[in-house]
Amino acid sequence: MPKRGKCPFCRRLFIPDLRVKERQKTCGRKECCREQKRQSDARWRSQNPDYFRNLYPQQKQAYGTRAEYRKRYRKDHPDYVQRNAAFVKKYRRRRNKKAEKDVSSTSCDIRLTVWKQTGKVKITHVSSTSRDILVTLCENAS
Ligand SMILES: [Zn+2]
């Protein structure tokens, strides 16, 4: 039976995975693993303070700025540009279609379809009885 550990983050007791044994530090819950990783990364960065320091200037020298790199990439990969343009077009069409269908809950305008004719109408008055809600509409000029 492997020795039980205590998670330093949630303070729960846990039985380590048989393959990991005493090297397992946390209980394995996502939040605890994430915190362990965060602390481990911070420790590593404090021990290697120069590692990321000059990365971007070096990349800039080798490849140019990110904007320049992107520009060159798009120039060298016309198939990518075409594919992306098609994707964006499809995305925008779908988004616009959805926006057309949705009516904002705060809007006083609604879309109404009567006998397959669609138009914008404005609510001018709302009243209710115990059984019905009466809504008075007028055609919206805009
Ligand atoms: Zn834990």
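Residues numbered from 1 in each chain as written. Predicted model: local features only at pLDDT ≥ 70, side-chain atom pairs only at ≥ 80, totals over all residues. Heavy atoms only, no water.

Draft legend 1. How the structure looks around the overall build of the protein chain. Across its full length, the protein chain holds four helices and five strands. Seen in sequence order, the protein chain has helices and strands lined up from the N terminus as β-β-α-α-α-α-β-β-β. Counting the 142 residues in the protein chain, one finds 7% classified as buried. Taking the contacts inside the protein chain whose residues are at least 6 apart along the sequence as the reference set, 7% of them involve residues at least 24 apart. (Helix = DSSP H or I, 4+ residues; strand = E, 2+ residues; numbered from the N terminus. Buried < 20%, exposed > 50% of the residue type's maximum accessible area, 1.4 Å probe, protein only. Contact = heavy atoms within 4.5 Å.)

Draft legend 2. View of a nonpolar patch on the surface. A surface patch of nonpolar side chains, amounting to about 430 Å² of accessible area, comprises Trp-44, Tyr-51, Phe-52 and Leu-55. Following the sequence through the fold, Leu-55 ends up in helix α2 (residues 55-63). (Patch = residues over 30% accessible without salt bridge, like charges linked within 9 Å, V, L, I, M, F, W, Y side chains within 5 Å. Areas by Shrake-Rupley, 256 points an atom, 1.4 Å probe, with all protein chains shown as cover. Salt bridge = Lys/Arg side-chain N within 4 Å of Asp/Glu carboxyl O.)

Draft legend 3. Broad picture of the packing of aromatic side chains. One pass over the full model with this rule turns up five aromatic pairs. With centroids separated by 5.0 Å and ring planes inclined at 85°, the aromatic side chains of Tyr-51 and Phe-52 adopt a geometry described as edge-to-face. Aromatic ring contacts, followed pair by pair, group Trp-44, Tyr-51 and Phe-52 into a single cluster. (Phe/Tyr/Trp six-rings, centres within 6.5 Å; stacked < 30°, edge-to-face > 60°.)

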